[in-house]
Structure formats: C-alpha cells, structure tokens
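One letter stands for each residue in the lines below.
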Amino acid sequence: MKNENLFALIEARLPRDLGGRFLETLDSLAYSWRDLLHATGRLAGWLASLQLPAEADGTPARVMVQVEKSPEALLLYLATLRAGLAYVPLNPAYQQGEVEYFLNDARPALFVCSPQRQAALEPVARAAGVAHVFTLGEGRNGSVLEAAAPFPDTYVTVRRRADDLAAILYTSGTTGRSKGAMLSHGNLSANALVLDEFWGFKEERDAGDQDVLLHALPLFHVHGLFVAAHAALLAGSRMLFMNRFDPPALVRWLPKATVFMGVPTMYTRLLAEPGFDRHACRNMRLFISGSAPLLAETFEQFRGRTGRAIVERYGMSETVMLVSNPYFGVAADRVAGTVGLPLPGVEVRIVKEDGSACRTGEVGQVQVRGPSVFPGYWRMLEKTAEDFTADGFFRTGDVGHFGGSGRPEGYLTLVGRAKDLIISGGYNVYPKEIEGYIDEMPGVAESAVIGLPHPDFGEAVAAVVVAKATAPLDAAAIMAGLRARIANFKVPKRVWVVEDLPRNAMGKVQKNVLRERYREAFA
Ligand code: MCA
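Report follows, based on the coordinates. Quick caveat, the model's predicted, so the values are computed rather than measured. (Residues numbered from 1 in each chain as written. Predicted model: local features only at pLDDT ≥ 70, side-chain atom pairs only at ≥ 80, totals over all residues. Heavy atoms only, no water.)

1. Quick notes on the side chain of Ser178
Within the element layout of this structure, Ser178 appears in the loop between strand 7 (165-171) and strand 8 (179-184). Note on Ser178: relative accessible area 10%, which makes it buried. Ignoring sequence-local partners within four residues, the contact set of Ser178 consists of Tyr101, Phe102, Tyr170, Thr171, Ser172, Gly173 and Met380. (Helix = DSSP H or I, 4+ residues; strand = E, 2+ residues; numbered from the N terminus. Buried < 20%, exposed > 50% of the residue type's maximum accessible area, 1.4 Å probe, protein only. Contact = heavy atoms within 4.5 Å.)

Rendered as structure tokens:
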C-alpha cells in the first residue's frame, strides 16, 4: 500500500540535489533540502519518543502550536505530519482565554508556545489535561529544539491513509464558538497537486526553471501554511522566507523571486511602496491573491504599476482552494472582481433557498464538493451534518453567481456571505463572538458589531454599544477591555456609544442601517 502521508508526497518530489537551498531568510540564514530532511527527521523522532496516544478510534494525537513565524515553526509542522500526528496551529495574537478554549476543545497531547508565553500558558495547558508543554522561539531557540537535538536525523515517515487526520484549523463560527475544521492527508495532498499544475509550478519545474516563492504570510492559516508552503515544497522551489510582512524588505527581495502569495491588504500596502514597479517585478511570473475580496481597483492599479495581472482565487479553511482565475492563457482571462473557474476535480454549484439550481447570472448559495473538501468539524457532528447536503456538498455560506454581468460563463463572482462574517486584512471575525465579550462588560446593555469599509484592511471591525441607564460608558474603556481579552485583529477599531440600536418590526437589530450610518468612518 502506498503511503498517503502528505510528507511522503513531499519526500517523493525532493529535488535531486539535496544540497540546494530550500529556504533562505532575510538575515541570510540558508537551509538546504538535506537540512529539511534532517531537521524534520530529528523532530519527528523526538515527537515519536513522546508516545502521544491516539484516540481509541485511531484519530492521531494533536500537536497544538502557538508560536511566532520562523523556519523552525515550518519544520515542526512538517515533522508533525511525518510522525503521523495532527497539527493544530494557532494565531499568536490569541489571548490566554482564547487559547484555553482551543486547548479544551482539541485536547492536544502536546502544546508548543513561544518561550515568552510559557509562564502564562503552561498552567492553562496543564489544567486542560495537556501532558507535554514545550517552547519554540523565533530565533532558533526553545525547548523543542533542545529536546530534538539528540535524535537521529533519519526517520521513516509514518504510514497514513488519505482519510487520516493531518491538521485541524480553527475557524470562527456564527455562534461565537470557533470550530475546528479537520483536514486529512488526502485533502491537503489533492489540493497541493492540483495547484502545482493549475498555477504552473509543474511546468516551470519540467522546463528546468526554478521557481522562488517569496513567503510573507502567517504560518497558522491555510493560505501561508498550506497553499503557499505546499506549492513550494512540491515544486522543489526555494522559499525566501519573511517572518513578517515588511513592504520595503519585500520590494528589495522581489527581483530574486518568481512567485508571491498575499491577501489584498498586502497588495494595497505594496502599491503604497515607492520602489514597487515593473523593474522590481521583472522576474515575477505569478501573484496570487486570496482570503478576502480583491477590489477591481487594486487589480487595475497593480496591473498599471507592474504589468502583471494578479490571479485571484477562492478557498476556505474547510475546503482548501476551490476556484481560481487561470494562470495559463492570456492576462485578459483573469477577470477582476471574479474568483475564476472551479479547480480541476472541484464541483461548485449555485443553488436557491429551496436547493434548486440557479441559472447563469442568478445569485444563490455556493456549495462545493471535491477531494480537498474536509470531512467535518472536530467533535461537532450536528454542525457538520447541518453544513453538508444529502448529496455531499458543503454549504460554504458564501453567496455568488456564475457568469452574468458581462462576465464569462463559468467564472464565479462572490457577492456576499449568508453568514454574518467580517473579513479584516484576511482574518475572519464573527460579530457574535465580539458582541458576547462586549455584552459581558459592566454597564453595557447591548451591542452590535459590524464590518465597515477600511482602506487598509478592506473591512474593519466596529462596534455600536448601548449603555445601561445606570452607567455612563466610555468607548476607549471598552476597547481597552477587549484588548486584554481577545486577539488584537478582532478588537473594534472604533466604538460608538448610542442611545439605542435601530430595529425592524420584528425587533431584530438592523445592522444594514448601522453599516450605512457609519460607512464613511474610516474613509
Ligand atoms: C493586524 N492588525 C489587524 C490586522 N492585522 N487589524 C485588523 N485586521 C487585520 N488583519 C492590527 C494590529 O494588531 C495592530 O493593532 C494594527 O492592526 C496595525 O498592525 P500592522 O503592523 O499594520 O499589521 P501587520 O502586523 O502588518 O498585519 C497586517 C497583515 C496581517 C500583514 C495584513 O493582517 C496578515 O498577515 N494578514 C493575513 C492573514 C492571513 O494569512 N489570512 C489567511 C487566512 P494594534 O496596533 O492596535 O495592536 S486563510 C483563509 O482565509 C483562506 C482559507 C484563504 O482562502 O486563504
């Protein structure tokens, strides 16, 4: 039987010259493909030595990781795959209370955090029943590396089947409770292989050219961890690795790169960078945008400045990548304002409320099925059942249409979300969660959290709060209170204290009225 572990696929495609560079950092550290094999070998050997117990049904133990971005964080992810364990990455911006929820939900056997946070988080992890707590720092430090150092640098990758759990990615939920999307080795491998061809990595490799990926995305989400990193790993491409998105440094590095993937905020920030022009992009063959809608205006401005047409694509944590504008063909095939065509093997349909199919141009719910679509949410059978149709399509919660408005037939345009979601700089935020925190504050009667147009983040989180008659409320105090409890990207960038919230005849808060009222707040 073939080993369907995603790491086995990566191993099968390693470049012949293992001495070649797999990763380079801004401060000139270089890692070869051999270093990748050896480091993940030692780390996987160490992970195996911990004998992290699988569940009775065979579900592998979880390794939860909340660390700053570093090459070693990427190696730890790959070693977790290699050891056959399930990787659960967390945004380092999450505060203690948020981490506590994830620990209690995923029940990891091992928790890895940054050294600075160990004192605060280790007791929380222990209380959640975590047996092992280790640290990994940004500068090649931390107890993980010390523990793994004595292990041999060879390791036989654990056999996994395609439907075995490889990772759990938490996504915020409409009810305010985050859900863990379970992704299998098969989900991740299938998607990586499709993108390898669809975006031209395979063709470049076959032609003997070497792609170089400029990696500036976080490593705890689908975009940076899976889409970008897997593309480079399967193609044997070098990664120019930036621990954080830094536009001037990125512009300096661009001439050495051929591929970049980013969220729209990164593209608008690049456009604000003086040296960002055709010359800086002279070796670039591919710019990918996703995680949030790319404005047609940004697409055009980018083309004017660089001569390159950004490839916008669409995916979710639950599905990995689903739809993409074409890479092959002519630039005019990339249609601004659309996310493009379903990827090979992915079925996308648009349906009405009653489940019947929409005509071309008609707006409806987007449903998807395919090899990269997840099997369900971690320990949420009912929620999983609700989100799949009887014939196995996942209800994305997004609303869109094929063709229409003068767009080519078969091209998907997203026009909104059935779920009340805010996307800020590529991060998803559900109002309900933030409202929950605000409503708990003393003196608050009720609140409505909305997304407002923002020039940098696309949308920004804002809150409209009603005070109890007894207590005056201070917007700044609400923001400070939230800052102490939730990740900074979720904290409203503006808070308004008002007498009451607009309601419809049924008594439901009219968020559309609020969005209209405050539309220009960040203009
Ligand atoms: C940072 N801040 C934000 C955001 N990022 N606020 C709202 N939304 C954000 N996205 C806060 C900071 O905490 C800080 O707050 C203030 O805004 C300014 O920070 P700044 O230094 O300008 O921000 P940054 O650190 O440069 O971050 C901007 C960023 C980052 C690089 C665009 O947000 C980012 O990496 N976004 C990418 C997210 C991503 O990978 N999404 C993929 C999800 P203060 O000063 O008050 O502390 S995967 C996904 O969605 C799917 C499935 C898909 O299809 O890809």
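2. Remarks on the pairing of strand 10 (residues 238-241)
Residues Arg238 and Leu240 point to one face of strand 10 and Met239 and Phe241 to the other, with burial holding for every one of them. Pairing of strand 1 (residues 21-25) with strand 10, which is carried by three bridges, proceeds in the parallel orientation. Bridge assignment links Glu24 to a residue of strand 10, and that residue is Leu240. Taken together, the four bridges between strand 9 (residues 212-215) and strand 10 define a ladder with parallel strand orientation. (Pairing = 2+ DSSP bridges.)

3. So, the site of the ligand
Inspection of the region around the ligand gives 25 residues, with Arg269, Ser291, Arg313, Ser424 and Asn488 positioned closest. Between the ligand and Ser424 there is a distance of 2.6 Å, counted from a nitrogen atom to a side-chain nitrogen or oxygen. If the ligand stood free it would expose 1,000 Å²; the protein chains cover 75% of that surface. For the shell around the ligand, the secondary-structure elements that each account for two or more residues are helix 9 (222-235), helix 11 (264-271) and strand 13 (311-316). (Near = heavy atom within 4 Å. Polar contact = N/O pair within 3.5 Å; in protein donor to acceptor, adjacent residues only side chain to side chain. Areas by Shrake-Rupley, 256 points an atom, 1.4 Å probe, with all protein chains shown as cover.)

4. What about the pairing of strand 25 (residues 494-498)?
For strand 24 (residues 458-467) and strand 25, the ladder comprises five bridges, and the chain directions are parallel. Residue pairing across strands places Ala462 opposite Arg494, the latter belonging to strand 25. Chirality of the crossover, the property in question, places the unit of strand 24, helix 15 (residues 475-483) and strand 25 among those that are right-handed. (Right-handed = clockwise from strand over helix to strand, strands pointing away.)

5. Regarding the sheet that holds strand 12 (residues 286-289)
Pairing is mixed across the open sheet formed by nine strands, whose spatial order is 2-1-10-9-11-12-13-14-15. Bordering the open sheet on either side are strand 2 (30-32) and strand 15 (341-342), each of which pairs with just one other strand. Here strand 14 (residues 320-324) runs beside strand 15; their pairing, made up of two bridges, is antiparallel. Note on strand 15: the bridge partner recorded for Ser324 is Leu341. Across the sheet, helix 2 (residues 33-49) touches strand 1 and strand 2, and the angle it forms with strand 2 is around 80 degrees. (Axes fitted to C-alpha atoms, helices over the stretch in contact; angles between N-to-C directions.)

6. Some points on the packing of helix 4 (residues 96-106) against helix 5 (residues 118-127)
Relative to each other, helix 4 and helix 5 sit at 30 degrees, their axes nearing to 10 Å. Taken together, helix 4 and helix 5 sit at an angle that is classed as roughly parallel. Read as a crossing pair, helix 4 and helix 5 show a hand that is right-handed. Residue-level inspection shows Gln96, Val99, Glu100 and Leu103 of helix 4 in contact with helix 5, the latter providing Ala120, Leu121, Val124 and Ala125. For the contact of helix 4 with helix 5, a count of residues per class yields six nonpolar, one polar and one charged. (Parallel < 35°, antiparallel > 145°, perpendicular 65-115°, else oblique. Left-handed = near helix turned anticlockwise from the far one by under 90°. Nonpolar A, V, L, I, M, F, W, Y, C, P; charged D, E, K, R; others polar.)

7. Let's talk about the pattern of salt bridges
Under the counting rule described, the total for this entry stands at 30 salt bridges. Between Lys202 and Asp206 there is a salt bridge; the shortest N-O distance is 2.9 Å. Placement of the pair is Lys202 and Asp206 together in helix 8 (residues 201-206), with a separation of four residues, close to one helical turn. Note on Lys202: relative accessible area 30%, which makes it partly exposed. Between Glu435 and Lys511 there is a salt bridge, with its nearest N and O atoms 2.6 Å apart. Within this pair, whereas Glu435 is found in helix 14 (residues 431-439), its partner Lys511 is found in helix 16 (residues 511-517), the two being separated by 76 residues in sequence. In this pair, the class of Glu435 matches that of Lys511, namely buried. One network of salt bridges, in which partners are shared, links Arg21, Glu24, Arg238 and Lys256. (Salt bridge = Lys/Arg side-chain N within 4 Å of Asp/Glu carboxyl O.)

8. Focus on unusual backbone geometry
Positive phi, normally seen in glycine, also occurs at Ser291, with a value near 80 degrees. Tracing the chain through its elements places Ser291 in the loop between strand 12 and helix 12 (296-306). Relative accessible area serves as the criterion here: at 26%, Ser291 is assigned to the partly exposed category. Positive phi, normally seen in glycine, also occurs at Ser405, with a value near 45 degrees. Note on placement: Ser405 falls in the loop between strand 19 (394-402) and strand 20 (412-417).

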